[in-house]
Amino acid sequence: MKHLSIDRLHTQFAAGTTHTFPLIGRMYTLTHSDATGDLYLAIGRSFATTRLNAMRDEVLGEWKQAGQHLALFIYVFVGSKQMGKEENIRRKQVFEQELPLALEAIRYGDRHFFRHFPSCDGSPILVHFTSEYPELNRTETYGIPYMYR
């Protein structure tokens, strides 16, 4: 597993978002540069849609109420039928391989939030892989944020 190079992570807070606010509805947009290997984490009240590209290789996340508990929901776009099943399978495998690094980047980039809300470190991470192929369109558990510190 690759580990995060903190000097290659660039975190930006959107207007109205601080290290501790908001909790519910806090959203993450994690993108990267293939050329430099840098990671870009935007934290806000909405996804940073201007940072998305045609490749759709970003990782999106948000804090939501799940019953009586909080959960960190992560969303990745695996693909459409137009891309073909093999490409959907390949993209899912790449996301599965890279998700630990992405979760480490989110955990580190928002470390002050986790210090302020230590209970969030024990909240479940639920990753939804979005695909038009039913067998690939699924939600999987990826542990808790504390695992990625």
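Keep in mind the model is a prediction, meaning the values are calculated, not measured.

A. A look at the pattern of salt bridges. All told, the structure shown has 9 salt bridges when counted by the stated rule. As a salt-bridge pair, Asp 38 and Arg 8 come within 3.5 Å of each other at their nearest N and O atoms. Here Asp 38 is found in the loop between strand S2 (27-32) and strand S3 (39-44), whereas its partner Arg 8 is found in the segment before strand S1 (9-13), with 30 residues between them in sequence. Assessed through its relative accessible area of 15%, Asp 38 is described here as buried. Put simply, Glu 140 and Arg 138 hold a salt bridge, and the shortest N to O gap is 3.0 Å. A residue is classified by how much of its surface remains accessible, and Arg 138, at 41% relative accessible area, is partly exposed. Several salt bridges share partner residues, and in doing so they unite Lys 92, Glu 96, Arg 138 and Glu 140 into one network.

B. The layout of surface pockets, seen in detail. Considered as a void within the structure, the largest pocket measures approximately 580 Å³ in volume. Around the largest pocket sit 23 residues that line it, and His 32, Asp 34, Leu 39, Asp 57 and Glu 98 are the ones nearest its centre. If you list the elements that add at least two residues to the lining of the largest pocket, you get S2 and helix H1 (85-109). With 8 residues, the single largest contributor to the lining of the largest pocket is H1. Looking at side-chain class alone, the lining of the largest pocket contains 10 nonpolar, 6 polar and 7 charged residues.

Conventions and cut-offs
- Residues numbered from 1 in each chain as written.
- Predicted model: local features only at pLDDT ≥ 70, side-chain atom pairs only at ≥ 80, totals over all residues.
- Heavy atoms only, no water.
- Salt bridge = Lys/Arg side-chain N within 4 Å of Asp/Glu carboxyl O.
- Helix = DSSP H or I, 4+ residues; strand = E, 2+ residues; numbered from the N terminus.
- Buried < 20%, exposed > 50% of the residue type's maximum accessible area, 1.4 Å probe, protein only.
- 1 Å grid on protein atoms, 1.4 Å probe; cavity = no way out; pocket = protein on both sides within 12 Å on 5 of 7 lines; lining within 4 Å.
- Points joined across faces, edges and corners; volume = space filled by probe spheres on them.
- Nonpolar A, V, L, I, M, F, W, Y, C, P; charged D, E, K, R; others polar.

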